[in-house]
Amino acid sequence: MWKQILGKLPRKPPKSESDPPRNTNPGPNSSSAGGPAAKRAASAAVFPASVIAGIEPLLAFKDVPSSEKMNLFISKLSLCCVVFDFTDPMKNVQEKELKRATLLELLDFVSQNPPKFTEPAILASCKMCSVNLFRVFPPSTRSSSSSSGENDNDDEPTFDPAWSHLQIVYDFLLKLVTSPSLETKVAKKYINYAFILRIIDLFDSEDPRERDCLKAILHRVYGKFMVHRPFIRKCMSSVFYRFVFETEKHNGIAELLEIFGSVITGFALPLKEEHKIFLSRALIPLHKPKSLGIYFQQLSYCVSQFIEKEPKLASCVITGLLKYWPVTNSQKEVMFLGQLEEILEIINMAEFQKVMVPLFWRLGHCINNYHFQVAERALFLWNNDQVVNLIAHNRQVIVPIIFPALEQNSEHHWNQAVLNLTLNVKRMLAEMDDTLIVACIANYKEDQARKKSEVERRKKVWERLENAASLQPVTGRTPVLVSLV
């Protein structure tokens, strides 16, 4: 369609080097079909008010001298500030094709290392991107019950019908931000806090293609505009806080975490207090929502990066995991155990000793879990040499905590695979310290005998209560004195 429109317009006559950039005296035939006025009328009929600065936006960049290219660039940007309705594919077909072709021209121009962008050009570029990209998303078509549940991975993604235009605008913005022709000192006036905030708001898009483009753009903005870095981190924190403590609904948590994962690698040591606060108040609470599985991989990577940067944070992270431990969600519990193993592989001995008592108390409950995948995953920790080494150096504290759970498994668990793993772990502990295991067995038997006697005593008390109640029928408000001794 674009070629058809241009095909009806005659080519611009060649000029000599001495000719001015534009014909200021077109002559009596300037209003004919082949004159510039006719071209201007053709584009104005499609996009009113699209012609600015006296430059016809339908012209190609190659048809104007270098001194006029930036003005033509601004004119074409103005042309693309018209937004169409894509819900009806048969509406404004010609105009949509014209705009798409112009967007491709703009993208090609920015990609070819143009001359330094002027301030009006940067302003017009940001305006065009704002008009096309910044919008309010319609209410989600997914049911409220499934949008925050565990099966979000099974939902079909929603694709924006306007993507044929949006993709080019996103590519244009990415090329603009990364272009060496863009001066940061000038551009930061227009790629400002308001612009960045609207970019981050777009991460809630249901279209995964849009979120991928946003991820690349925000990452580049973070890298190029150092002055905006604290603000970007603050905006991310706000998104995470709102997601965890208010809505538990956001489509771009995984992409934001992926950006932040690469940001953490650039943190200087020692870590600033604001980064530690972000870990404890934003990242660790992200383990709480039901939809953890959607972004768990990115979250686990961010947490691991923090611990590698500063090993003293390992005990803080494990304490947070124990705080948000999903005791009623077996699928999340398996994920927690996997992340716990990753942390134990890089934790130092001092930090491990701070949390080993509550940690192995929780692992004991996991070993006794009737969901075989949880019990298996907890017992698999003994296949990790680093974990076994930590246990061996602290066996006097850890083995008495974990041994009763192993004994209960070997006596009562229904799953054969869990039983085999339990026996292997008991054998490993016996080889580690046989004397300690003998003492644990004796303590376990004494504890079981004590519990059995307590059950018998409680049973006799209830029998005495029943006998006392049966000797004299209670009528009305007659008080009854029962001795519990």
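Residues numbered from 1 in each chain as written. Predicted model: local features only at pLDDT ≥ 70, side-chain atom pairs only at ≥ 80, totals over all residues. Heavy atoms only, no water.

This model, assessed by the stated rule, comprises 16 aromatic pairs. Relative to Tyr170, the ring of Trp163 has its centre 6.1 Å away and its plane inclined at 40°; by these criteria the two rings are tilted. Considered together, Trp163 and Tyr170 belong to a single accessibility category, that of buried residues. Here the aromatic rings of Phe243 and Tyr295 are separated by 5.8 Å at their centres, their planes lie at 75°, and the arrangement is edge-to-face. Highlighted residues: Phe243 in helix 11 (residues 229-247) and Tyr295 in helix 14 (residues 292-309), separated in sequence by 52 residues. Accessibility classification places Phe243 together with Tyr295 in one group, the buried group. Linked through ring pairs, Phe61, Phe73, Phe109, Phe117 and Phe172 together constitute an aromatic cluster. Stacked on the ring of Phe86, the Lys or Arg Lys96 has its end atom at 4.6 Å from the ring centre. (Phe/Tyr/Trp six-rings, centres within 6.5 Å; stacked < 30°, edge-to-face > 60°. Buried < 20%, exposed > 50% of the residue type's maximum accessible area, 1.4 Å probe, protein only. Helix = DSSP H or I, 4+ residues; strand = E, 2+ residues; numbered from the N terminus. Lys NZ or Arg CZ within 6 Å of the ring centre and 35° of its normal.)

Attention now goes to the environment of His365. As for its placement among the helices and strands, His365 is situated in helix 17 (residues 349-367). His365 gets classed as partly exposed once you look at its relative accessible area, which sits at 41%. C-alpha separation for the pair His365 and Ala405, spaced 40 residues apart in sequence, amounts to 7.2 Å.

Among the nonpolar cores identified, the biggest contains 130 residues, and Phe73, Phe172, Leu218, Leu286, Phe360 and Trp382 are the most heavily contacted of them. The element that contributes the greatest number of residues to this core is helix 7 (residues 163-178), accounting for 9 residues. Residues within four places of Phe172 in sequence aside, it is in contact with Phe73, Leu77, Leu106, Leu107, Val110, Ser125, Met128 and Cys129. (Core = buried A, V, L, I, M, F, W, Y, C linked by side-chain atoms within 4.5 Å. Contact = heavy atoms within 4.5 Å.)

Let us look at helix 5 (residues 119-133). Relative to the 21 Å expected for 15 residues at 1.5 Å per residue, helix 5 spans 21 Å between its end C-alpha atoms, a close match to the ideal helical length. Within the sequence span of helix 5, burial applies to Ala121, Ile122, Ala124, Ser125, Cys126, Met128, Cys129, Asn132 and Leu133. Tucked inside the fold, the buried residues of helix 5 contact helix 3 (66-79), helix 4 (93-111), helix 7, helix 8 (184-187) and helix 9 (193-201). (Expected span 1.5 Å × (residues − 1).)

As a further point, take the pattern of salt bridges. Close approach of charged atoms lets side chains of opposite charge pair. One pass over the full model with this rule turns up 19 salt bridges. Measuring nitrogen to oxygen at the nearest pair gives 2.9 Å for the salt bridge that ties Arg209 to Asp207. (Salt bridge = Lys/Arg side-chain N within 4 Å of Asp/Glu carboxyl O.)

In this section: the packing of helix 17 against helix 18 (residues 372-379). In the contact formed by helix 17 and helix 18, the axes pass within 7 Å of each other and the chain directions differ by 135°. Comparing their axes, helix 18 and helix 17 come out oblique. Of helix 18, the residues touching helix 17 (which contributes Leu363, Cys366 and Ile367) are Val374, Ala375, Ala378 and Leu379. The residue makeup of the contact of helix 17 with helix 18, split by class, is 7 nonpolar, no polar and no charged. (Axes fitted to C-alpha atoms, helices over the stretch in contact; angles between N-to-C directions. Parallel < 35°, antiparallel > 145°, perpendicular 65-115°, else oblique. Nonpolar A, V, L, I, M, F, W, Y, C, P; charged D, E, K, R; others polar.)

On to the packing of helix 11 against helix 13 (residues 273-283). Put simply, helix 11 and helix 13 touch, their axes get as near as 10 Å, and they point 15° apart. When the interaxial angle is binned, helix 11 and helix 13 end up roughly parallel. Of the two elements, helix 11 crosses helix 13, and the hand of that crossing is left-handed. Together, Arg233, Ser237, Phe240, Tyr241 and Phe245 of helix 11 and Glu274, His275, Phe278, Arg281 and Ala282 of helix 13 make up the contact between the two elements. For the contact of helix 11 with helix 13, a count of residues per class yields 5 nonpolar, 2 polar and 3 charged. (Left-handed = near helix turned anticlockwise from the far one by under 90°.)

Moving on, we get to a nonpolar patch on the surface. Together, Tyr370, Phe372 and Trp414 give the surface a local cluster of nonpolar side chains, amounting to about 370 Å² of exposed area. Among the secondary structure elements, Trp414 is positioned in the loop between helix 20 (395-412) and helix 21 (416-432). (Patch = residues over 30% accessible without salt bridge, like charges linked within 9 Å, V, L, I, M, F, W, Y side chains within 5 Å. Areas by Shrake-Rupley, 256 points an atom, 1.4 Å probe, with all protein chains shown as cover.)

Tallied over the entire structure, the rule returns 1 cavity of 30 Å³ or more. Of the voids in this model, the largest cavity is the one considered here, and its volume is about 30 Å³. Along the walls of the largest cavity sit Ile191, Phe195, Ile196, Ile199, Ile217, Leu218 and Val221, which together make up its complete lining. Secondary-structure elements contributing two or more residues to the lining of the largest cavity are helix 9 and helix 10 (208-224). Counted by class, the lining of the largest cavity contains 7 nonpolar, no polar and no charged residues. (1 Å grid on protein atoms, 1.4 Å probe; cavity = no way out; pocket = protein on both sides within 12 Å on 5 of 7 lines; lining within 4 Å. Points joined across faces, edges and corners; volume = space filled by probe spheres on them.)

Function cannot be inferred from these measures alone, as they are strictly geometric.
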